[in-house]
Structure formats: C-alpha cells, structure tokens
Amino acid sequence: MSHDPNCLFCKIVDRRIPAKLVHSDEMTIAFEDINPQAPTHILIIPNKHISDIQSMKEGDRELIGHLFFVARNLAGTRGLDKGGYRLVINNGRDAGQAIFHIHLHLLSGRAFAWPPG
Ligand code: 5GP
Ligand code: ZN
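For clarity, every value in this text was computed on a predicted model and none was experimentally measured.

Rules used throughout
Residues numbered from 1 in each chain as written. Chains lettered and ligands numbered in written order. Predicted model: local features only at pLDDT ≥ 70, side-chain atom pairs only at ≥ 80, totals over all residues. Heavy atoms only, no water. Donors = N, O, S within 2.8 Å, 3.2 Å for Na, K, Ca; no water. Tetrahedral: all angles 85-135°; square planar, octahedral: opposite > 155°, others 65-115°. Helix = DSSP H or I, 4+ residues; strand = E, 2+ residues; numbered from the N terminus. Buried < 20%, exposed > 50% of the residue type's maximum accessible area, 1.4 Å probe, protein only. Pairing = 2+ DSSP bridges. Axes fitted to C-alpha atoms, helices over the stretch in contact; angles between N-to-C directions.

Visitor: Looking at this model, I keep getting lost on the coordination of the zinc ion (ligand 2). Mind explaining?
Guide: Working reference: metal with six octahedral donors, ideal angles 90 or 180 degrees; metal with four tetrahedral donors, ideal angle 109.5 degrees. Binding of the zinc ion (ligand 2) to the protein goes through Cys-7 (SG), Cys-10 (SG), His-49 (ND1) and His-101 (ND1), at separations of 2.0 to 2.3 Å. Classification of the site at the zinc ion (ligand 2) as tetrahedral follows from its 4 donor atoms and the range of 106 to 115 degrees in their angles at the metal. Within one chain, the residues serving as donors to the zinc ion (ligand 2) are arranged as C-x2-C-x38-H-x51-H. Of this pair, His-49 sits in the loop between strand 3 (40-46) and helix 2 (61-77) while His-101 sits in the loop between strand 4 (85-88) and strand 5 (104-108), and the two are 52 residues apart along the sequence. On the basis of relative accessible area, His-49 is assigned to the buried category, the value being 16%.

Here it is, written out as structure tokens:
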C-alpha cells in the first residue's frame, strides 16, 4: 500500500483523522464530504495514494474501475439512481483539485447545472 505521510486522505484511510465512513473494502473507502455541496456528497477514494489522474499506472485499472462500482452500489442502496446523481473528479489546479489523492465525488439530492462553473 502506497501512503503519503503528508496526505490528508491517506490519514483518513489510516483512521488517523476521523471521517463519517459510509463504505470500506480492501481497495477503497467512502466517506461524507466535510463541506457538502448537495444533500448527498460522498467522496470515494482508493486506499492507495495516487495523487491525480496523470499519476495512474496501468496496474491501477481495476482499482480505478472499482471506485465507479462503489459509486454505483452506494447510489443504488440509497435510491439516488431514481432522480440521478453526478460523479466528479477535479483534476489539477484549474479544475479546483484541492486534495491530491484521487477521489470521486458522488453528488445527489438536487438538480445540477450544466455546463459546470
Ligand atoms: P477537490 O476540490 O480536491 O476535488 O475536493 C476535495 C474535497 O475534500 C472537498 O469537497 C472538501 O470539502 C473535502 N475535504 C477537505 N478536507 C476534508 C476532511 O478533512 N474531511 C472530509 N470528510 N472532507 C474533506
Ligand atoms: Zn494520499
């Protein structure tokens, strides 16, 4: 498991910083965003530290795909698929990435504008 000692999300993976976990398995955890932008705002992250999309390795294919299956399963069990939901990855400075440990935002419970801001 690759960990960055200075990474906030690695500390959440290690349970050294608390978070409201909604899912965990051998590859991922999911937890509620501390500053929710919608009635449901969950972050799904790999346990392995990968800083951004450009840093993904070929061997990460299954892991990255798994993030989407966790999102699908959480959306299904919570009934979010009825009205719909948005999955977001902010990648890099101009996209607004603040935490450089890949995370999938699962947002639901309101209508979202397009194009995004
Ligand atoms: P980004 O802008 O990198 O795509 O998203 C980072 C997200 O992490 C933001 O939505 C922010 O609210 C959330 N966040 C930042 N610090 C914490 C924290 O300590 N705990 C939790 N649960 N979420 C956090
Ligand atoms: Zn990390």
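Visitor: Even after reading the chapter, I still don't get the sheet that holds strand 5, so can you show me in this structure?
Guide: Across a sheet, paired strands are connected by hydrogen bonds in the backbone, their directions being either parallel or antiparallel. In space, the 5 strands of this open sheet follow the order 1-2-3-5-4, with antiparallel pairing throughout. A single partner strand is all that each edge strand has here, and the edge strands are strand 1 (21-24) and strand 4. Each strand axis lies, on average, 20 degrees off the axis of its neighbour in the sheet, ignoring direction. Where strand 3 and strand 5 come together, 5 bridges link them in antiparallel fashion.

These figures come from the coordinates and say nothing about function on their own.
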